[in-house]
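Results of the structural survey
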Amino acid sequence: MSVTKKKSRTNPKRENGKSNTIKLKFDTSWSYAPAPESKSAASIKPQYDLFINGEWQKPLSKKYFETFNPATEEKLSEVADAGSADVDKAVKAARNAYDNVWKKMVPKERAKYIFRIARMIQERARELAIIETLDGGKPIRESRDFDVPTAANHFFYYAGWADKLEYAFPNRKAVPLGVAGQIIPWNFPLLMAAWKIAPAIATGNTVVLKTAESTPLTALKLAEIIEESGLPPGVVNIITGAGETGAALVNHPGVDKIAFTGSTDVGKIIQRAIAGTHKKATLELGGKAANIIFDDAPIDQAVEGVINGIYFNQGHVCCAGSRLYVQESIAKEVIRKLKDRMSSLIVGDPMDKNTDIGAINSRSQLETIQKYLKIGREEGAEMYESGCPLPGKGYWCRPTLFTNVAQSNRIAQEEIFGPVLSVLTFRTDDEVIEKANNSPYGLSAGVWTDKGSKIFNMTRRMRAGVIWANTFNKFDPSSPFGGYKESGFGREGGLHGLAAYVTLENV
Ligand code: ADP
């Protein structure tokens with residue numbers, strides 16, 4: 001690695017006479033030689049079928065669709081497009097495995113399979129990380145250091161609970177629900193599969209999981225791992241397809257529980273679809289997290305946390321800290337430091353270990369982000385974007401920050417799902433609580449302050465499922481995660497995550 005230290009400073013330039021768009025000079029103080037991860041450790045087949053009943057089955061629909069690398073726009077593979085007959089086959093396989101094998105199995109034996117899957121994820125971590133990055137566009141550093149290890153940890157954590165449910169729910173008998181239909185989004189494809197599958201099978205349920213259409217590959221790799229693990233056929237079925245496949249799963253009468261992570265719009269469709277049925281549901285939907293910095297906070301640490309909170313994974317995170325509230329007395333300093341740090345972030349090849357911000361997941365998501373950048377400018381906010389160079393091909397968005405934002409602006413109210421931060425200011429605790437809670441969402445939030453009492457005061461009054469204090473975007477399998485209001489209901493992770501897959505009966 002060659003490191004060259006050059007003198008530079010952030011130098012705002014107004015672009016094309018547009019008064020409210022300012023491009024910051026790219027800070028090349030630290031320029032690194034390329035350090036690309038090799039693709040050779042990953043094998044991607046040209047075509048994938050559906051993983052049903054422990055076998056790779058051709059889709060009855062006879063249809064396939066392509067999956068692309070968003071950083072190069074190159075085709076990676078094609079995967080089956082499951083139709084309603086395929087969904088039916090998968091649900092029947094799950095039901096058969098539930099009735100005849102899995103619910104009858106001694107919990108200790110179930111745990112062994114789940115531990116084995118966890119270890120196999122660790123063994124194939126490098127391959128999984130590479131494929132996650134190729135298919136989704138996120139930096140390899142993140143897939144390698146966050147997504148894959150956290151996915152393995154979820155399997156380890158829930159494997160540990162499988163034979164200890166009487167301690168998780170003392171004096172109660174935990175009875176599995178049956179067949180779980182699970183639908184996941186494209187932002188954390190392997191990790192979301194782990195979040196969904198591990199607690200479901202640890203509690204004795206069987207599963208049909210549908211991947212997101214733009215990022216199916218790591219879940220299919222997980223299917224290969226599950227096949228090799230010897231898990232009884234039908235306990236976990238993994239199918240691919242788009243919204244129609246998801247809807248067929250939601251509407252299938254043989255499904256007892258829906259676990260969904262995705263947009264609030266689709267969450268509402270699902271809620272309407274299952275109303276009046278026996279199906280239980282957990283919905284983890286959108287967010288517009290408030291990240292709050294008080295004047296007594298360690299500012300450099302807070303700035304780094306805010307940068308991580310919004311630019312991590314290209315802002316493709318439902319709990320991304322997309323609304324920043326800074327106490328007025330320190331606003332100037334914080335905004336200056338944010339701009340400085342933002343203009344040193346490297347956007348580009350996700351396979352390069354130096355990359356901070358990878359590719360936007362799809363063309364349509366890039367268009368959504370660009371639509372909001374336009375809306376923000378039209379609303380009168382001042383837009384700062386980093387001046388970093390972008391690759392010629394692929395879908396990219398520079399880290400962007402808006403100042404002069406009003407609470408009612410759409411960029412402060414709506415989920416953008418990109419590397420776009422809206423900065424607002426406040427004077428008092430009451431004011432910031434009111435502003436932070438003034439959102440249709442309530443998934444996550446952050447508080448930065450030196451005072452423990454203030455943390456407790458704020459977290460008690462804020463309507464968000466997860467609140468980080470003096471840190472952001474930290475996850476652990478033992479911590480529950482989920483939202484209020486239009487961010488959904490139910491919790492994943494920890495004991496709460498187990499409870500969502502059982503009914504508790506008196507012993
Ligand atoms: P995003 O807008 O972030 O892509 P979506 O909510 O559209 O989020 O997608 C999340 C998941 O929900 C994906 O797997 C997608 O295929 C699936 N999905 C989309 N529409 C429906 C639907 N009507 N019913 C069930 N699942 C759906």
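Parameters at a glance
Residues numbered from 1 in each chain as written. Predicted model: local features only at pLDDT ≥ 70, side-chain atom pairs only at ≥ 80, totals over all residues. Heavy atoms only, no water. Helix = DSSP H or I, 4+ residues; strand = E, 2+ residues; numbered from the N terminus. Rg over C-alpha atoms; globule rule 2.2 N^0.38 Å. Buried < 20%, exposed > 50% of the residue type's maximum accessible area, 1.4 Å probe, protein only. Areas by Shrake-Rupley, 256 points an atom, 1.4 Å probe, with all protein chains shown as cover. Pairing = 2+ DSSP bridges. Right-handed = clockwise from strand over helix to strand, strands pointing away. Phe/Tyr/Trp six-rings, centres within 6.5 Å; stacked < 30°, edge-to-face > 60°. Contact = heavy atoms within 4.5 Å. Polar contact = N/O pair within 3.5 Å; in protein donor to acceptor, adjacent residues only side chain to side chain. Axes fitted to C-alpha atoms, helices over the stretch in contact; angles between N-to-C directions. Core = buried A, V, L, I, M, F, W, Y, C linked by side-chain atoms within 4.5 Å. Domains from an automatic or database assignment. Parallel < 35°, antiparallel > 145°, perpendicular 65-115°, else oblique. Left-handed = near helix turned anticlockwise from the far one by under 90°. Near = heavy atom within 4 Å.

Focus on the overall build of the chain
The secondary structure content of the chain amounts to 16 helices and 26 strands. Its C-alpha atoms give the chain a radius of gyration of 23 Å, near enough to 23 Å, the size a compact globule of 507 residues would have. When the backbone C-alpha atoms are referred to their principal axes, the chain occupies close to 65 × 50 × 40 Å. Every one of the 507 residues in the chain was classed for burial, and the buried ones make up 58%. Put simply, the chain shows about 19900 Å² of open surface, and 51% of that area lies on carbon and sulfur atoms.

Topic: the pairing of strand β11 (residues 179–183)
Taking burial as the measure, the five residues of β11 include five buried ones, the bulk of the element. Burial of β11 is two-sided: the residues Val179, Gly181 and Ile183 facing one way and the residues Ala180 and Gln182 facing the other way are all buried. In this sheet, strand β12 (residues 206–210) lies alongside β11 in parallel orientation, the contact comprising five bridges. Bridging across to β12, valine 179 finds its partner in threonine 206. This β-α-β element, β11 to helix α6 (residues 189–202) to β12, shows right-handed connectivity.

Focus: the packing of aromatic side chains
Given two aromatic rings, their pairing is described by the distance between the two centres and the angle made by the two planes. Scanning the entire structure with this criterion turns up 17 aromatic pairs. Taking the centre distance of 6.4 Å and the plane angle of 55° together, the rings of tryptophan 195 and phenylalanine 475 count as tilted. With a gap of 280 residues between them, tryptophan 195 in helix α6 and phenylalanine 475 in the loop between β23 (466–469) and β24 (484–485) connect regions that are remote in the sequence. With relative accessibility at 6%, the residue tryptophan 195 sits in the buried group.

Considering unusual backbone geometry
Note on backbone geometry: most residues besides glycine have negative phi, and most peptide bonds are trans. Positive phi is not limited to glycine here, since phenylalanine 417 has a value of about 60°. If you trace the backbone, phenylalanine 417 turns up in the loop between α13 (410–413) and β20 (420–426). One non-glycine residue, asparagine 470, lies in the positive phi region at around 55°. Here asparagine 470 is to be found in the loop between β23 and β24.

A short note on the environment of glutamate 414
You can see glutamate 414 is positioned in the loop between α13 and β20. For glutamate 414, a relative accessible area of 24% translates into the label partly exposed. Along the primary structure glutamate 414 and alanine 168 are separated by 246 residues, whereas in three dimensions their C-alpha atoms are 38 Å apart. Other than its neighbours up to four places away in sequence, glutamate 414 contacts Lys288 and Tyr372. A polar side-chain atom of glutamate 414 sits 2.6 Å from a polar atom in the side chain of tyrosine 372.

Side note on the sheet that holds strand β9 (residues 74–80)
The strand order β5-β9-β8 describes an open sheet built from three strands, whose pairing is mixed. Every interior strand has two partners, whereas the edge strands, β5 (47–48) and β8 (64–69), have only one. Bridge analysis of β8 against β9 gives six bridges, and the strand direction is antiparallel. From the neighbouring strand, asparagine 69 faces β9, where its bridge partner is glutamate 74. Across the sheet, helix α3 (residues 125–136) is in contact with β8 and β9; its angle to β8 comes to roughly 100°.

Examining the nonpolar core
Ranked by size, the top nonpolar core spans 112 residues in total, and within it Phe155, Ile197, Ile238 and Ile293 carry the most contacts. In terms of residues, this core owes the most to one element, α6, which gives 11 residues. Each of domain 1 (3–32 + 287–469) and domain 2 (50–57 + 76–285 + 487–506) accounts for three or more of the residues forming this core.

Let's talk about the packing of helix α10 (residues 299–311) against helix α11 (residues 331–342)
Two elements in contact, α10 and α11, have axes whose closest approach is 10 Å; the angle formed by their N-to-C orientations is 55°. One way to sum up the angle between α10 and α11 is to call them oblique. For the crossing formed where α10 meets α11, the hand is right-handed. Of the residues in α11, those in contact with Ile299, Asp300, Val303, Glu304, Val306, Ile307 and Tyr311 of α10 are Glu333, Val334, Lys337, Leu338, Arg341 and Met342.

Some details on the side chain of asparagine 473
Tracing the backbone through its elements, the reader meets asparagine 473 in the loop between β23 and β24. If we ignore the near neighbours within four places in the chain, the residues touching asparagine 473 are Asn308, Gly309, Phe312, Val317, Cys319 and Trp468.

Quick notes on the site of the ligand
Ile184, Trp186, Lys210, Glu213 and Ser263 are the nearest of the 16 residues found near the ligand. With respect to the ligand, the backbone of isoleucine 184 contributes an N or O atom lying 2.8 Å from an oxygen atom. At 2.8 Å, a side-chain N or O of lysine 210 approaches an oxygen atom of the ligand. Coverage of the ligand by the protein amounts to 78% of the 550 Å² it exposes when considered alone. Residue assignment for the shell around the ligand shows that the elements contributing at least two residues are α8 (243–251) and β14 (257–261).

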